[in-house]
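Secondary and tertiary structure notes
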Amino acid sequence: MYSQPAAGLEGTPRGDEAQALLRNCVHCGFCLPACPTYRITGNELDSPRGRIYLIKQMVEGAETTATTRFHLDRCLTCRACERACPSGVEYGRLIDLGRELVEERVPRALPQRALRLGLAASLSRPRLFGALLRIGQAVGSWLPASLQARIPPRSARRLRGPATRHARRVVLLEGCVQPGLKPGINAATERVLDRLGISVERVAGEQCCGALGHHLGHTERALDQARRNVDSCCAALDAGAEAIVSSASACGLMVKDYARLLAGDPDRATQARRVSEATRDLAEVIPPDELARAGLRRGRGLSVAWQAPCTLQHGQHIRGRVEVLLEAAGHTLTPTSEPTMCCGSAGTYSLLQPELSSELRRRKLAALSGGNPQVIATANIGCLEHLQVTSPVPVRHWIELIADALDDAPNR
Ligand code: SF4
Ligand code: SF4
């Protein structure tokens, strides 16, 4: 798709990037059936191709209206369209660029701005989020039912795994909301890695990875968080950590993207590349054959429906890995349909677009329930929290299912 950036963008890094990204789209429409929002609304402007047209218009200087913003806001950034596109269009980069432009050109009303700022601030600060969570637990019965369903009971507390020191060490990114909502996930991570001879350490001063702010269009704030994480992670790598590990696929994807996001920052570009290259999703650091050697076939053997988060399968391109690990731990995978479809969580999307998000959850749970699983497993705290609101069976992080099986196995 040819585009001619308008004066003001022409010849700038942003204008050049937009032109290069738009050039690959040949309007074929193969991406449309893969797009969750298009499948629900049937509106071309809620499809990848329609949104690419809207972005092209903005790049070329056409009037940008609230309608443009409305349809870009409804994109989940799930990137299922990238996987379906035969021309290799990097839609995720295009929508980021489109959101930046629309935020600059169509200011939101004050209540909307306040809501988005409030979400970014409260969800990206673990201490503030923890305090809000405790308040929510205290006044739970006064809250709307939809919010109550997302608040864990007060007994949930921060759990620590084993303190064993092994020669192999990795940095575990704790995340912002995960330690408060599901402290058992990071504890399970530590137990499993300890069993495999890997110690876990935290980085001092870990910030939010920046994904929340980034997708809300708060680019500078997100980059600032990225810079601070780059500094902390480089110090840990200098001290001998072999990798930076995330048990939340959305955070891992963001950190893997630091190299690109900070490529133009002369003070951080090299370090950001180092951090991105050292970052692994948890599934990438656990060898299935070592699990098998650990005697995990004596595990509980649940029937599990696997829900691959978009950030894992479309963003990080990790496919089939967790399934192998679950089976190596003695669990049985149940058949599911629509494996590439987003569950509707998508960061703050479930709060900002509740109707579309709820409909996607309904469809996803139906697709996951076909084989009557005992439990649904996923790899991202956002998907987990979103699905469990109406799921008929428990929704857990896959590492917890591995850890449970491991706890039942003899320690070799
Ligand atoms: S499939 Fe790719 S090339 Fe075709 S319309 Fe969609 S984004 Fe453009
Ligand atoms: S990222 Fe997801 S919701 Fe957005 S256009 Fe692509 S497929 Fe549709």
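Above this text is the structure in question.
Every value quoted in this text rests on a predicted model; they were computed, and no experiment measured them.

Here we take up the overall build of the protein. Counting secondary structure elements, the protein contains 24 helices and eight strands. By residue count, 53% of the 412 residues in the protein fall in the buried class. Taking the contacts inside the protein whose residues are at least 6 apart along the sequence as the reference set, 74% of them involve residues at least 24 apart. Within the structure as shown, the protein displays about 17700 Å² of accessible surface, and the carbon and sulfur contribution to it stands at 53%.

Once that is clear, we can look at the site of ligand 1. Lining the immediate surroundings of ligand 1 are 13 residues, of which Cys-25, Cys-28, Gly-29, Cys-31 and Cys-85 lie closest. Judged by the proximity of its atoms to the pocket grid, ligand 1 belongs to the largest cavity. The residue inventory of the shell around ligand 1, partitioned by class, reads nine nonpolar, three polar and one charged.

To continue, consider the sheet that holds strand 4 (residues 279-281). What the four strands build is an open sheet, ordered 2-1-3-4; its pairing is parallel. Strand pairing shows two members of the sheet lacking a second neighbour, strand 2 (198-201) and strand 4, which therefore form its edges. Neighbour-to-neighbour, the strand axes of this sheet turn through a mean angle of 40°, independent of strand direction. As defined by bridge partners, strand 3 (residues 243-246) adjoins strand 4 across three bridges and the pair is classed as parallel. By the bridge assignment, Ser-246 is partnered in strand 4 with Asp-281. Set on the sheet, helix 16 (residues 269-278) makes contact with strand 3 and strand 4; between it and strand 4 the angle comes to about 30°.

Looking now at the sheet that holds strand 5 (residues 303-306). Read from one edge of the open sheet, four strands run 6-5-7-8, paired in parallel fashion. Two strands bound the open sheet, and with one partner strand each, they are strand 6 (332-333) and strand 8 (395-397). Here three bridges tie strand 5 to strand 7 (residues 375-378), and the two strands are oriented parallel to one another. Directly across from Ala-305, in strand 7, lies its bridge partner Ile-376. Helix 23 (residues 381-388) contacts strand 7 and strand 8 of the sheet and is inclined by roughly 170° relative to strand 8.

Let us look at the environment of Thr-332. Within the element layout of this structure, Thr-332 appears in strand 6. Among residues more than four places away in sequence, those in contact with Thr-332 are Leu-302, Ser-303 and Val-304.

Bringing unusual backbone geometry into the picture now. One non-glycine residue with positive phi stands out, namely Thr-77, at about 55°. Along the chain, Thr-77 turns up in the loop between helix 4 (66-73) and helix 5 (80-84).

Looking now at the state of the cysteines. For the structure shown, the criterion picks out zero disulfides. Here Cys-176 is not disulfide-linked; the sulfur of Cys-208 is the nearest cysteine sulfur, at 3.8 Å. The thiol sulfur of Cys-234 is not disulfide-bonded, and the nearest other cysteine sulfur, from Cys-233, lies at 7.4 Å. A residue is classified by how much of its surface remains accessible, and Cys-234, at 8% relative accessible area, is buried.

Applying the stated rule across the entire model yields four cavities of 30 Å³ or more. Approximately 130 Å³ is the volume attributed to the largest cavity. Contributing elements (two or more residues each) for the lining of the largest cavity: helix 3 (48-59) and helix 5. Among the elements that take part in the lining of the largest cavity, helix 3 stands out by supplying three residues, more than any other. For the lining of the largest cavity, the class distribution of residues is 11 nonpolar, four polar and two charged. By volume, the second largest cavity is sized at about 80 Å³.

The rules we used
Residues numbered from 1 in each chain as written. Chains lettered and ligands numbered in written order. Predicted model: local features only at pLDDT ≥ 70, side-chain atom pairs only at ≥ 80, totals over all residues. Heavy atoms only, no water. Helix = DSSP H or I, 4+ residues; strand = E, 2+ residues; numbered from the N terminus. Buried < 20%, exposed > 50% of the residue type's maximum accessible area, 1.4 Å probe, protein only. Contact = heavy atoms within 4.5 Å. Areas by Shrake-Rupley, 256 points an atom, 1.4 Å probe, with all protein chains shown as cover. Near = heavy atom within 4 Å. 1 Å grid on protein atoms, 1.4 Å probe; cavity = no way out; pocket = protein on both sides within 12 Å on 5 of 7 lines; lining within 4 Å. Sits in = over half its atoms within 2 Å of the grid points. Nonpolar A, V, L, I, M, F, W, Y, C, P; charged D, E, K, R; others polar. Pairing = 2+ DSSP bridges. Axes fitted to C-alpha atoms, helices over the stretch in contact; angles between N-to-C directions. Disulfide = S-S within 2.5 Å. Points joined across faces, edges and corners; volume = space filled by probe spheres on them.

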